[in-house]
Amino acid sequence: MLWRRRYYHRFTLAELEIRREKRALIVQRALRLFAIVLALCLTMLLSLVCFKPWKDLRSLEHERSFLQAHLEKAREQMEQSKNEFIWISQDPHYFEMIARDKGNLALPGEHILRMAEPKRLK
């Protein structure tokens with residue numbers, strides 16, 4: 001068996017400089033890629049932090065507008081009821097009609113007729 005002696009190739013300064021430049025270029029590209037990935041991750045994290053409250057705010061604004069419409073409707077009903085109450089409280093014929101109806105009272109010569117309510121089907 002022959003023993004071979006291994007000779008290591010010794011690089012010249014120019015070859016070492018070229019290899020060093022290639023490694024530096026690879027590191028630069030890797031750093032650029034890392035920076036892009038990091039920027040994307042930070043953007044996604046920031047969007048989660050910012051858009052969640054924004055979404056909640058939009059939901060609350062929608063609920064507020066719904067409740068505002070409901071409040072306006074209730075105010076209109078209250079105003080209508082108040083006007084009806086004022087009208088009823090100033091109408092003496094209305095009081096007489098209610099008293100006669102609730103007390104089953106009739107004036108002399110009057111007859112009270114009541115309509116039976118229809119039976120409801122189950």
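Residues numbered from 1 in each chain as written. Predicted model: local features only at pLDDT ≥ 70, side-chain atom pairs only at ≥ 80, totals over all residues. Heavy atoms only, no water.

Caption draft 1: Spotlight on the packing of aromatic side chains. Applying the stated rule across the entire model yields one aromatic pair. Between Phe51 and Trp54 the ring centres are 6.3 Å apart and the planes differ by 70°, which places this aromatic pair in the edge-to-face class. Within this pair, Phe51 and its partner Trp54 are both found in helix 1 (residues 13-89), separated by three residues, close to a single helical turn. When its relative accessible area of 52% is taken as the criterion, Phe51 is described as exposed. (Phe/Tyr/Trp six-rings, centres within 6.5 Å; stacked < 30°, edge-to-face > 60°. Helix = DSSP H or I, 4+ residues; strand = E, 2+ residues; numbered from the N terminus. Buried < 20%, exposed > 50% of the residue type's maximum accessible area, 1.4 Å probe, protein only.)

Caption draft 2: Region of interest: a nonpolar patch on the surface. A cluster of nonpolar side chains, contributed by Phe34, Leu38, Leu42, Leu45 and Val49, occupies part of the molecular surface with about 500 Å² of accessible area. Turning to its location among the elements, Leu38 is positioned in helix 1. The exposure class assigned to Leu38 is partly exposed, which follows from its relative accessible area of 41%. (Patch = residues over 30% accessible without salt bridge, like charges linked within 9 Å, V, L, I, M, F, W, Y side chains within 5 Å. Areas by Shrake-Rupley, 256 points an atom, 1.4 Å probe, with all protein chains shown as cover. Salt bridge = Lys/Arg side-chain N within 4 Å of Asp/Glu carboxyl O.)

Caption draft 3: Broad picture of helix 2 (residues 92-103). The end-to-end C-alpha separation of helix 2 is 17 Å, in line with the 16 Å expected for twelve residues at 1.5 Å each. Positioned one or two residues after helix 2, Asn104 has a phi angle of 50°, which is positive. (Expected span 1.5 Å × (residues − 1).)

Caption draft 4: Highlighting the pattern of salt bridges. Across all of its chains, the model carries two salt bridges by this definition. A salt bridge links Arg20 to Glu17; the shortest N-O distance between them is 2.9 Å. In this pair, Arg20 and Glu17 both sit in helix 1, three residues apart, roughly one turn of the helix. Judged by its relative accessible area of 36%, Glu17 is partly exposed. Residue Asp56 pairs with Lys52 through a salt bridge whose shortest N-O separation is 3.6 Å. Pair noted here: Asp56 and Lys52 are both in helix 1, with a separation of four residues, about one helical turn. Looking at Asp56, the relative accessible area reads 36%, which means it is partly exposed.

As far as function goes, none of this settles anything; it's purely spatial.
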